[in-house]
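Close look at the chain arrangement
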Amino acid sequence: MAGVSSRIVIAPLDVIKIRLQLQSQSEYAGLMASFAKIIKEEGLFALWKGNFPAIWMYLFYGAVQFPVYNDALRLSKAIVTSP
């Protein structure tokens, strides 16, 4: 849940970072100007574009990570304690 929460909070900064990195000409002048331009031209929710796939990735990753970790831990204990 912490990963999802942090993704929601950080997503606008990530969108701006990516746009600044990919710009071919000087479309965005900096952080605050980018915020203003995106909100003005595309709306507030444009700052969270692509956020839902990232959230699903965090949820899927967590759903897989914990069972695999527990199985690996149980297997390693069985290997270490076996004669």
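Residues numbered from 1 in each chain as written. Predicted model: local features only at pLDDT ≥ 70, side-chain atom pairs only at ≥ 80, totals over all residues. Heavy atoms only, no water.

1. Description of the overall build of the protein chain
Helix and strand counts for the protein chain come out as 3 helices and 0 strands. The globule rule puts the C-alpha radius of gyration for 83 residues at 12 Å, and the 20 Å found for the protein chain is more than 25% above it. Once the C-alpha set of the protein chain is aligned to its principal axes, its extents read approximately 65 × 20 × 15 Å. For the protein chain, the residues scored as buried account for 22% of the 83 residues in total. Long-range pairs, those at least 24 residues apart, make up 49% of the contacts in the protein chain between residues at least 6 apart in sequence. On the protein chain, roughly 6,500 Å² of surface is accessible, and the fraction owed to carbon and sulfur atoms is 70%. Taking the 8 positively charged and 5 negatively charged side chains of the protein chain as two groups, their mean positions are separated by 5 Å. (Helix = DSSP H or I, 4+ residues; strand = E, 2+ residues; numbered from the N terminus. Rg over C-alpha atoms; globule rule 2.2 N^0.38 Å. Buried < 20%, exposed > 50% of the residue type's maximum accessible area, 1.4 Å probe, protein only. Contact = heavy atoms within 4.5 Å. Areas by Shrake-Rupley, 256 points an atom, 1.4 Å probe, with all protein chains shown as cover. Lys, Arg positive; Asp, Glu negative; His and termini not counted. Charge placed at Lys NZ, Arg CZ, Asp CG, Glu CD.)

2. Points about the nonpolar core
Formed by Val15, Ile16, Tyr28, Phe35, Ile38, Ala46 and Leu47, the largest nonpolar core amounts to 7 residues. Elements with a minimum of two residues in this core: helix 1 (2–22) and helix 2 (31–42). In this view, Ala46 contacts Val15, Arg19 and Ile38; residues no more than four positions away in its chain are not counted. (Core = buried A, V, L, I, M, F, W, Y, C linked by side-chain atoms within 4.5 Å.)

3. A word on the side chain of Arg19
With respect to the secondary-structure elements, Arg19 resides in helix 1. When its relative accessible area of 17% is taken as the criterion, Arg19 is described as buried. Those residues in contact with Arg19 that lie beyond four places of it in its chain are Tyr28, Ile38, Glu42, Ala46 and Lys49.

4. Regarding the pattern of salt bridges
Close approach of charged atoms allows side chains with opposite charge to pair. Inspection of every chain in the model, using the stated rule, returns 5 salt bridges. Across the pair Lys17 and Asp14 runs a salt bridge whose closest N-O atoms are separated by 3.6 Å. Here the residue Lys17 and the residue Asp14 both occupy positions in helix 1, the gap between them amounting to 3 residues, near one helical turn. A salt bridge links Glu42 to Lys49; the nearest nitrogen and oxygen atoms lie 2.9 Å apart. Take Glu42: its relative accessible area is 34%, and that puts it in the partly exposed class. When salt bridges with common partners are traced through the structure, they connect Arg7, Asp14 and Lys17 into a single cluster. (Salt bridge = Lys/Arg side-chain N within 4 Å of Asp/Glu carboxyl O.)

5. Re the environment of Phe35
Inspection of the secondary structure puts Phe35 in helix 2. Sequence-wise, Phe35 and Ile16 are 19 residues apart; in three dimensions their C-alpha atoms are separated by 7.3 Å. For Phe35, the residues in contact, after removing those within four places along its chain, are Pro12, Leu13, Ile16 and Leu47.

6. A word on the side chain of Asn51
Looking at the secondary structure, you find Asn51 in helix 3 (residues 51–81). At 3.0 Å, the side chain of Asn51 forms a polar contact with the side chain of Arg7. Once residues within four sequence positions are removed from consideration, Asn51 is found in contact with Arg7, Ile8 and Ala11. (Polar contact = N/O pair within 3.5 Å; in protein donor to acceptor, adjacent residues only side chain to side chain.)

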